Amino acid sequence: MKRLPRWVLVALLSPVCACGGADERPARWSFISSAIVEPGCATVNCHSSVSAKAGVDLHARDIGYYTLVNELYVIPGVPQDSALLSLLNAQGARRMPPDAPLPQADIDLISAWIAAGAPND
Amino acid sequence: MNTLHRRIVRTLAALVVTAVLGAASRQARAYPQFQFSSGTSQCSQCHYAPAGGGLITDWGRSEAGDTISRGGEGAFLHGAWSPPSWLALGADVRLAALRNDVGGAQAPEYAAFPMQSDAYAHVALPAHLSVYVQAGVRGDVGRDESVNGRLSSVTDRFISNEHYVMWRPSASGPYLRAGRFFAPFGLRFVEHIFYVQRYTGYDLYNETYTVSGGYMGGDWELHVSLFTPPPESFPLPLQSVGVRESGGAAYGEKRFADRAAVALQARLGVGGEATRYQAGAIGKLWVDRAHLLFLGEADFIRLQVPAASAGENQFVSYLGATYFPVRGLMAGLAYERFQEDLSLGRTAHDALDVELSLFPWAHFELLALGRFQFLHGATTSDGDHASLGMLQFHYYL
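Values in this document were obtained by computation on a predicted structure and should not be read as measured data.

A. Spatial organisation of the overall build of chain A. A tally of helices and strands in chain A yields five helices and zero strands. From first element to last, N terminus to C terminus, chain A shows the α and β order α-α-α-α-α. Here chain A holds 121 residues, and 58% of them are scored as buried. Of the contacts formed within chain A by residues at least 6 apart in sequence, a portion of 47% connects residues at least 24 apart.

This is the structure:
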């Protein structure tokens, strides 16, 4: 009998359990932008192309990258001085995103990307 | 924290209030809670759109007065004037007050504001054709210079996120629709905050230009759609926000004994940087004796990001129960989960929602909403949860 793929089993159990494996997602901006930032931050009156709250437009990979780096929300190589992480962690400011905060694993992935020099890769 | 760092954080903190207010805007969607519970088994009995949502029909207006609210005349203008048979009109106005607490400095925040207001027109044409237009003004989130002067006036906030032409010879049978609207997929609640909308391409103002066709049977319906986002060159009132994807979607629903339904759905969305493959199911069950309606949706998503040579399997779900103790009152409790990566439990978003809706008279609704989100793995001293409380007044013409 053919076995079910592992991800199907994990998916079926997902609502009732939390799998604690190592985070093997790539700490690369192309992935972070598509998987975390665009769906989480580029919402209607926040950092979409229409509103670009605080001048921050995160609706696409390149414009999001240059906004964060050029406006110094991200200091490449120095996550502890990057305002982006303070906002995500609610340090000195109200937490962002204010309607759907990110799980710590996502914040850790963004931190790892910044620590690696925050390339637009 | 250096000076520049502090300045940026302070500036953004001041902007968060309006961000939350904007996120709490709402638009013309639907009340899937009324399917079966009101004695109506098809969404399109109460709405002009084949899959539901938006302007309600004469039948829907009658139901709003006779079944859903405590009483009153549900017709346009409370029955004071009836438009000609080829024309249907409507409007929505909503006001809200909220308390939002996501932790950090300056939390919680309090605010009161008008939400999006909409006007609707449905014009019947010869040859079974019709035109539908919805236009409105985005919610006023107050003075906000941070949006570069955009959206700072009523004209800037004008928007039309639904407008289409439809061929539909009868209530049952085939139909075709083309224009701007969401491809039928998933549970489309009035409140847009639920994960099954936010993370499946159905967030606020994310409507696409869509060609959709389908068939409405007595106890089943099928909708197949192709869609693409508005070009970025389009004027502001026609722009969409959120994930920009082109692709296709299919939704098929089978109903049983006018009190239960099962739906299967699939969607492919191709964006500039990523592709999403989605498949899922929806279940609806009305328990008449208990006055309880159960609604559930579960979708699996494969997100592929070629530039990163990576992808992840995601899961998003909604499970809710709505209780109708007396006519005009609706109480709901729901659990939601969005897991960004199925192999990592720490990427889960979980939420509990409590809703209480009172329809004291036709055309009026009072809503109280509570939302509690768990922040998995939060390491700050500001707690491991976020909460939202909202009171809302809704009037429709």
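B. Summary view of the overall build of chain B. On a plain count of helices and strands, chain B comes out with four helices and 17 strands. When the 397 residues of chain B are sorted by exposure, 50% land in the buried category. Put simply, 54% of the contacts in chain B that link residues at least 6 apart link residues at least 24 apart.

C. Seen up close, the nonpolar core. The biggest cluster of nonpolar side chains holds 98 residues, and the ones touching the most others in it are A:Ile32, A:Leu84, A:Leu88, A:Ile110, A:Trp113, B:Tyr195 and B:Val316. Element by element, the count of residues in this core is highest for helix H2 (residues 29-41) of chain A, at seven residues. Other than its neighbours up to four places away in sequence, A:Leu84 contacts A:Leu68, A:Tyr73 and A:Val74.

D. Spatial organisation of the packing of H2(A) against helix H5 (residues 104-115) of chain A. All names here are of chain A. Packing of H2 against H5 leaves a shortest axis separation of 10 Å and a crossing angle of 155°. Comparing the axis directions of H2 and H5 gives the class roughly antiparallel. The way H2 lies across H5 gives a crossing that is left-handed. Here H2 contributes Trp-29, Ile-32 and Ile-36 to the contact with H5, which in turn contributes Asp-106, Leu-109, Ile-110 and Trp-113. Tallied by class, the residues present in the contact of H2 with H5 amount to six nonpolar, no polar and one charged.

E. Structural context of the environment of A:Ala116. All names here are of chain A. Relative to the elements of secondary structure, Ala-116 occurs in the segment after H5. Take Ala-116: there are 15 C-beta atoms within 10 Å of it, and that puts it in the partly exposed class. Separated by 39 residues in sequence, Ala-116 and Gly-77 have C-alpha atoms that sit 5.8 Å apart.

F. Spotlight on the confidence of the model for chain B. Residue and element names in this part refer to chain B. The pLDDT averaged across chain B works out to 88; a share of 87% of its residues lies at or above 70. In the predicted structure, residues 11-28 sits below a pLDDT of 50 and forms 68 contacts with residues beyond four places in sequence or in another chain. Within the model, pLDDT remains below 50 along residues 145-149, and this stretch shows 10 contacts once partners closer than five positions in the same chain are excluded. In the model output, the complex is listed with pTM 0.89 alongside ipTM 0.86.

G. Main features of the pairing of strand E15 (residues 348-358) of chain B. All names here are of chain B. Bridge analysis of strand E14 (residues 329-339) against E15 gives 11 bridges, and the strand direction is antiparallel. Looking at the pairing, Tyr-335 lines up with Leu-352 of E15. Taken together, the 10 bridges between E15 and strand E16 (residues 364-375) define a ladder with antiparallel strand orientation. Bridge assignment links Asp-350 to a residue of E16, and that residue is Phe-374. Two successive antiparallel strands, E15 and E16, enclose a turn made up of five residues, where His-363 displays a positive phi of approximately 90°.

H. Highlighting helix H3 (residues 58-68) of chain B. Among all positions of H3(B), only B:Gly60, B:Arg61, B:Glu63, B:Ala64, B:Gly65 and B:Ile68 are buried. Where H3(B) is buried, its residues contact helix H2 (43-46) of chain B.

I. Region of the structure containing H2(A). Residue and element names in this part refer to chain A. With 13 residues, H2 should reach 18 Å at 1.5 Å per residue; the first-to-last C-alpha distance of 14 Å falls well below that figure. The largest bend along H2 reaches roughly 30° and is located at Ala-35, with the proline Pro-39 sitting one to four residues downstream. Of all 13 residues in H2, 13 are buried, a share of seventy percent or more.

J. Representation of the pairing of strand E8 (residues 220-228) of chain B. Residue and element names in this part refer to chain B. Burial along E8 is one-sided: the residues Glu-221, His-223, Ser-225 and Phe-227 are buried and none of Trp-220, Leu-222, Val-224, Leu-226 and Thr-228 is. The pairing of strand E7 (residues 208-216) with E8 spans eight bridges and is antiparallel. By the bridge assignment, Tyr-215 is partnered in E8 with Leu-222. Hairpin remark: E7 followed by E8, antiparallel, with three residues in the connecting loop.

K. Representation of the packing of H2(A) against helix H3 (residues 61-70) of chain A in the model. Residue and element names in this part refer to chain A. Where H2 meets H3, the closest approach of the two axes is 10 Å, and the angle between their N-to-C directions is 100°. By the criterion of interaxial angle, the relationship of H2 to H3 is roughly perpendicular. Mapping the contact onto sequence places Trp-29, Ser-30, Ser-33 and Val-37 in H2 and Arg-61, Gly-64 and Tyr-65 in H3. Tallied by class, residues from the contact of H2 with H3 come to three nonpolar, three polar and one charged.

L. Summary view of unusual backbone geometry. Residues and elements named next belong to chain A. With omega at -10°, the peptide bond leading from Met-96 into Pro-97 counts as cis. By secondary structure assignment, the location of Pro-97 is in the loop between helix H4 (83-88) and H5. Positive phi, normally seen in glycine, also occurs at Leu-72, with a value near 65°. Examined against the element boundaries, Leu-72 turns out to sit in the loop between H3 and H4. The class of Leu-72 is partly exposed, set by 15 C-beta atoms lying within 10 Å.

M. The arrangement of the environment of A:Arg61 in detail. With respect to the secondary-structure elements, A:Arg61 resides in helix H3. Spatially, the C-alpha atom of A:Arg61 lies 9.0 Å from that of A:Ile32, the residues being 29 residues apart in sequence. Beyond its immediate stretch of four places on either side in the chain, A:Arg61 contacts A:Trp29, A:Ser30, A:Ser33 and B:Glu273.

Cut-offs and rules
Residues numbered from 1 in each chain as written. Chains lettered and ligands numbered in written order. Predicted model: local features only at pLDDT ≥ 70, side-chain atom pairs only at ≥ 80, totals over all residues. Helix = DSSP H or I, 4+ residues; strand = E, 2+ residues; numbered from the N terminus. Buried ≥ 20, exposed ≤ 12 C-beta atoms within 10 Å, placed from the backbone. Contact = placed C-beta atoms within 7 Å. Core = buried A, V, L, I, M, F, W, Y, C linked by C-beta atoms within 7 Å. Axes fitted to C-alpha atoms, helices over the stretch in contact; angles between N-to-C directions. Parallel < 35°, antiparallel > 145°, perpendicular 65-115°, else oblique. Left-handed = near helix turned anticlockwise from the far one by under 90°. Nonpolar A, V, L, I, M, F, W, Y, C, P; charged D, E, K, R; others polar. pLDDT = per-residue confidence, 0-100. Pairing = 2+ DSSP bridges. Expected span 1.5 Å × (residues − 1). Bend = angle between axes of the 7 residues up to and from the residue.

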